[in-house]
Every structure is written in structure tokens, then in C-alpha cells.
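Spelled out from the first residue to the last, the chains are:
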Amino acid sequence: MVDNYKSINASRQMLEALEEQNSILFDYMYSNNLPSAEAFNKKTSLFYKWFNIEENNITEKGEQQYVALIKYNYVKYQTSLPIIQKIRDTSGIPSSIRYYNQNYNNYYISIRSYLKNISTINETAMFKNKSNVTNSATNSMYVLILLSVIAIFSGFIIASFFTDKFLRPLYTLKNNMMAVKEGYMHQEVSINSSDEIGALSIEFNQMISRLDLFEKSTKGKLLQEKNKSLAIVKSISDPIIVLDTNFKVVLLNSACEYFFNIKEIDALNKHFLEIIRIGDIFDHIVSAYNSSADKYMTKIISLTVDGKDFYFDTIVTKVRDEVMNITGMIILFQNITKLKKLEKVKTEFVYMISHEFKTPLTSIMMGTSLIKNKSLGELNEKQLELVDTIEDDTERLSALVTDIIQLSKAESENDMFYFEKVSIYSIIEACVRTFYEQALSKDINILVTLDDNLPLVLVDTEKLSWVINNLISNSLKYTKPGGCITIIGNVMQNNLRIAVKDDGIGIPKEFIDKVFDKFVRLDNDIYDATGSGLGLSIAREIVETHRGKIWCESTEGNGSCFIFTLPIQD
Ligand code: ADP
């Protein structure tokens, strides 16, 4: 196509040179312009220049022949200018025109027609080539698409093959690692390649064999430790039960088997209540489990085994894992039978001694009263003062003895309690009535707000009255004139709840729990409040014997509230 274009261009250039030469001739023949031989010859050179290009660029059939004819005709034509000049100069313009028409016009027309033929031949060839090129380009495109599709498919197949070849060992390695993570230690990898993956497999195998060794030795140690702990637990003479978080038995020791008459083998994985049907203990365990404290103490239970009475302090300890989640509980039944027996002896002894004190104290009090009312004669001032002091001290001692007797009674066996179903309204009313005069004289109001329809409760009326009396008496002691005492009664969570609230001096935070201990009295110098420090501990004993709870809520300077509960029976 490039050669064709070259020939077309050469023909065009030759035609332009020829036409310009012919114009020079015509100018000369028809006008009087003098011919420029130089311009004519320049065009001749130009013509030959393009002729040579064409002569060396023959590509099409017949082109050679036209080139030869052009050469022949142009050789003739190029001689025209001097001859026409001569005829014009000698014979005039018409002769020169005639001579031109007869001799040169034919050459001119022929050359033009041959040049056009060359152009046509090359143009035809060029268009033909163009469509050939287009066709072969289209074909090439199809071939290329086909090759691309084949290349993509084969590339995909080859890539899958190699990916699989290279990744399979990695997958094997990954699966083995996951198995090791799950705890299967014998997952050696059998990759024998000598590349990096092979080296990695060797390292991996070495690592798991070391891990295996480590696990065996750790397991061994753990087993040893476990057996040791187990032996300790088993050999403890106090009953121990280990529960999981669903209260199912994980472990119990021989003492537990003996005291609760169960076999470990039958008890394992069973719910606590299935093997020990004592609701009180279970309630205590549940409260311990739900409480925030890790050690939850003091629930004294009694058991009769082989005709003997035993006392246990139930201590619940929560077991936690490394992230502090509760994983179970250890329940230790600390055998306090000996202590209880000692306590009983002590209580009975104190009770007996106190009783022994009662009679002489009564006669001292009678004696002082006789001396004071002058039935035995007049006393001077000093003697009267002395008798007053003896009377005061004897009264205090008598109150203390009364309290000690009361405490001994409360601490001794339950059979000293006489339970009956009574209405709390009547008990409270009677108690309040007792303090009516005292409250009036101290200018203290006593308000009673009891909910309607409070249920009957199973209580020892005398003992419960003692508790309420003691709480009201304390409130009166520790409340300033003009103050107020409120007694509130309502039902809360299957318990009857009685609160004795005052707006007195209150109790410092650090003593709130301590006031229930024996002989604890706070330094209340500003008030003339006498007492033994036994009242609240007696009250606690009595309330607990009723299976209730007693506690205090107080803010120093803002009054105190003593609350106790009694379970409501069906
Ligand atoms: P006491 O015979 O001394 O009253 P209690 O055991 O009844 O013995 O009380 C112990 C101590 O608790 C009292 O000495 C007193 O300091 C304190 N206490 C008891 N009740 C109240 C109260 N309502 N207000 C302030 N303090 C009280």
C-alpha cells in the first residue's frame, strides 16, 4: 500500500510538472509573454525526478508498460519549447499553434492519460490491499480472541494445579495445628519437601513432641497435686462437699458419707437436695452462692447420728477460675459439737449462778428498802447516802442478773420456747402500753404503723415481747425529749418485718454490727442510760431461734432503726 501510494504521488507530481510546462508553452503561444526556458527546464528536471521514483517503484501488473510509454512520449514532448519558439518567431503565432497541435498535443494528452492509468492501477491495488488488510486484521482478531480464551483456560488450569501443589502442604500444616490446639498432641505432619514448608513441618513436629512431653509432665504434676488435695480433703474429719454451679455433687469426703449417711458413688453428679434433704442448708448455700462475699459463714445446723447430737457450722467457700468466674462451691461442715456442749455447760452454769444471785439480791433489796422507809429507825444523812448507793448498785446488779438469766434461757435448747400462732398486733400493743408512762414523762411520741391483715405468726409470745420491749426501751434511752419512736410492721418476701425506728443519737457506722455482741455498750456519757450490754444479744438469740434475722440501720446523729423478721408459716 505504501508503494502504491508512492506511485500515485509520483504520477500526480509528474502530471503537475507536465501541466505547468504546457502552460508555459500556451502562455507563449497565445500571449506575448516571453517563454522562460529556465522554468520549462526546471519542470523537466522535476518531471524526471518523479519519473525515476516511479520507474523504481513498479508494483502492479501493466504499470511497467505505461512507464515505458510515458518515457517515450515525454522524451518527444520535452523538445517542444525551442521548436515552437523558432516557428513562432519565424512564421507567427497561428503557425506555432498549428505546429503544436499537430506534433506535441498528442504527446501531452497521451502522457496525461498514461499517468492517470498508473494512478488508477495503483489506487485499485491500494483499495484491494486495504480490504485484504482489513480482512486479515479481522481474522487476526478472531485468532487472537481464540488464543486469549485458550490462554485464560490453560492459565487457570495451570494456576489451580500449582496453587494446589503449593498450598496443600500448608493446608495440612494448618489442619494439624488446629488439631494440636484442640488438644490432640499426636498430629505429626508428614511433609517431605526440602523447601521452606518442609523445614516448617520439621520445626512443627519438633514443637509438638516437646509440647507433648511438657503436657505429660504437667499432667503428671497436676495429677499428683490433685491426688494430694483429694487425700487431704478425704482425710479431714469434718464433712466436706464440693458442688458445681448447678449445685450438683462433684466430691464428698468420708466424714460427709458418715454424718449424712450417703455413699459418694451414689451422690456424684446428683443435685444437693437429692442426697441431703435439708432445706435450711440448701437455702444457706444458695444465699452464699448469690452473695458477693467469697466466704459465707455461720449457719449452725444440728444432726442426730447414731442417737447422738452433733452441731456443725456450715461454711460455704466459692471456687473461682482465673477470670474470677464461679466454678463451684466447697461446703465445709465444721464440727462444733464439743464447743456447743461446753457452751451448754457454761450457759447452765451461768444460769444456775445467776439464779443463786437472785435470792440474796432480792433480800438485799428488801433490806435496803426497809432501812430506807425508816421502819428500823432514823438514819443520818451519810447513812442514807450509803443506803441509796447500795440500792442503786443492787438494782443494777439485779438487772444484770435478770439479763444473764434471760440470755442463758435464750441460748439453751429450743424446748424452752413455747410456740403458738398469735397476732403480732396484740403483742405490739401490749409492749407499747408498757412504755406509755415512760414515753410521756420523757416527752417522746410512740407511733405504731402496722399494715392491715398482717398474718398470724408462730412465736413464743413472752420471748418476742421481750425483744420488742428491749428495742423500744433502747430507743427511749437513746432518744432526746421531744423525739419520736415509730414501730412499723409489714410483710416482705414471705416474712413478717417489724422495725423499731427512732430519731435519737444513732450509732457510729463501725459499731452497727457490734452492738449485737455480748456486753457491748457504746460510750454514751451524755445520757443517763444504764444497761448490761446484753439486751441486743438476747434479742438476736430469740429472733434466730424463731428462724428470723435481726439487724440495725443507723446514721450517727440521725437515729437508729432496728429491724427483725419472722418467717410466715402456711
Ligand atoms: P444495753 O443494755 O446497754 O442497752 P443493748 O445490747 O440493748 O445493751 O445495747 C447495746 C448498745 O447498743 C447500747 O449500749 C447502745 O450503745 C447501743 N444502742 C442500742 N439501741 C440503741 C438505739 N436505739 N440508739 C442508739 N444506740 C443504741
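In what follows, the structure referred to is the one given above.
Everything numeric here is computed off the predicted structure, so don't read it as measured data.

Calculation notes
- Along each chain, residues carry numbers from 1 onward, in the same order as the chain's sequence is written.
- A pLDDT threshold of at least 70 governs which residues receive local features in this predicted model, and a stricter bar of 80 or more applies before side-chain atom pairs are shown or counted, although totals over entire chains, interfaces and linings include all residues.
- The side-chain figures draw on all heavy atoms in the structure; neither hydrogens nor water molecules are used.
- Helix and strand definitions follow DSSP, with helices as H or I runs of at least four residues and strands as E runs of at least two, each counted in order from the N terminus.
- Only the C-alpha atoms count toward the radius of gyration. The rule for a globule is 2.2 Å times the residue count to the power 0.38.
- Residue exposure (1.4 Å probe, protein chains only): buried if accessible area is under 20% of the type maximum, exposed if over 50%, otherwise partly exposed.
- Note on pairing: two strands pair once DSSP finds at least 2 bridges between them.
- Axis definition: a line fit to C-alpha positions, over the contact stretch in the case of helices; interaxial angles, taken between N-to-C directions, run 0 to 180 degrees.
- A contact between two residues is defined here by any heavy atoms of the two lying within 4.5 Å.
- An expected span of 1.5 Å times one less than the residue number is assigned to each helix.
- The arc refers to the directions leading from the helix axis to the C-beta atoms.
- The pocket and cavity definitions rest on a 1 Å grid over protein atoms only: a 1.4 Å probe that fits but cannot leave marks a cavity, an open set with protein on both sides within 12 Å along at least five of seven lines marks a pocket, and residues lining either have an atom within 4 Å of a point.
- Grid points are joined across faces, edges and corners, and a volume is the space filled by probe spheres set on the points.
- Orientation categories follow fixed angle ranges, with anything under 35 degrees roughly parallel, anything over 145 roughly antiparallel, 65 to 115 roughly perpendicular, and all other angles oblique.
- Crossings are assigned a handedness: left-handed for a near helix turned anticlockwise from the far helix by less than a right angle, right-handed for a clockwise turn.
- Any residue outside Ala, Val, Leu, Ile, Met, Phe, Trp, Tyr, Cys, Pro, Asp, Glu, Lys and Arg is labelled polar, Gly included; the first ten of those are nonpolar and the last four are charged.

It is worth spelling out the overall build of the protein chain at this point. Secondary structure summary: the protein chain contains 16 helices and 13 strands in total. What you see for the protein chain is a C-alpha radius of gyration of 65 Å, clearly larger than the 25 Å of a compact globule of 570 residues, by over 25%. Considered along the principal axes of its C-alpha atoms, the protein chain spans approximately 210 × 70 × 45 Å. With 570 residues in all, the protein chain has 36% of them scored as buried.

Within the open sheet, the five strands sit side by side as S8-S10-S11-S13-S12. Their pairing is mixed. In this open sheet, the two strands that pair with only one neighbour each are strand S8 (445-450) and strand S12 (550-554). With strand direction ignored, the average angle separating the axes of adjacent strands in the sheet is 15°. Direction of pairing for S8 relative to strand S10 (residues 484-492): parallel, over a ladder of six bridges. Each bridged residue has a counterpart across the sheet, and for Asn445 the counterpart in S10 is Cys484. Docked against the sheet, helix H14 (residues 424-441) engages S8, S10 and strand S11 (495-502), running at close to 170° with respect to S8. Each of S8, S10, S11 and strand S13 (560-567) touches helix H15 (residues 461-477); the most contacted strand, S13, lies at about 170° to it.

Mapped onto the secondary structure, Glu420 falls in strand S7 (residues 420-422). Along the chain, Glu420 and Thr337 lie 83 residues apart, while their C-alpha atoms are 29 Å from each other. Residue contacts for Glu420: discarding those within four places in its chain leaves Val457, Leu458, Val459 and Thr461.

Here we come to helix H2 (residues 37-55). Taking 1.5 Å per residue, 19 residues should reach 27 Å; H2 reaches 26 Å between its end C-alpha atoms and fits that length. Those residues of H2 that fall on the buried side of the exposure criterion are Phe40, Thr44, Phe47, Trp50, Phe51 and Glu54. Viewed end-on, H2 has its buried residues packed into an arc of 135°, placing them on one side of the element. When the buried face of H2 is taken as reference, the exposed residues oriented beyond 90 degrees from it are Glu38 and Lys42.

Now for the layout of surface pockets. Empty space within the second largest pocket amounts to approximately 750 Å³. Asn474, Lys477, Tyr478, Thr530 and Gly531 are the residues nearest the centre of the second largest pocket, which is lined by 32 residues in total. Where the lining of the second largest pocket is concerned, the elements lending two or more residues are helix H13 (381-411), H15, helix H16 (535-545) and S13. Looking at which element gives the most residues to the lining of the second largest pocket, the answer is H15, with six residues.

Within the secondary structure, Glu16 sits in helix H1 (residues 2-30). Spatially, the C-alpha atoms of Glu16 and Lys43 are 9.0 Å apart, while their sequence positions differ by 27 residues.

Turning to the packing of helix H3 (residues 63-77) against helix H6 (residues 105-182), a few remarks are in order. One way to put it is that H3 packs onto H6 with a least axis distance of 9 Å and a crossing angle of 155°. Put simply, H3 runs roughly antiparallel to H6. Considering only the axes of H3 and H6, their crossing is left-handed. Side by side, H3 and H6 meet where Glu63, Tyr66, Val67, Leu69, Ile70, Asn73, Tyr74, Lys76 and Tyr77 of the first sit next to Tyr107, Tyr108, Ser110, Ile111, Tyr114, Leu115, Asn117, Ile118, Ile121 and Asn122 of the second. Here the contact of H3 with H6 is composed, by residue class, of 13 nonpolar, four polar and two charged.

This part takes up the pairing of strand S4 (residues 300-305). Burial of S4 is one-sided: the residues Ile301, Leu303 and Val305 facing one way are buried, the residues Ile300, Ser302 and Thr304 facing the other way are not. Where S4 meets strand S5 (residues 308-320), six bridges bridge the pair, whose relative direction is antiparallel. Following the sheet pairing, Ile301 is matched in S5 by Phe312. If you look at the hairpin formed by S4 and S5, you'll find two residues sitting between the two strands, and Asp306 has a positive phi there, around 50°.

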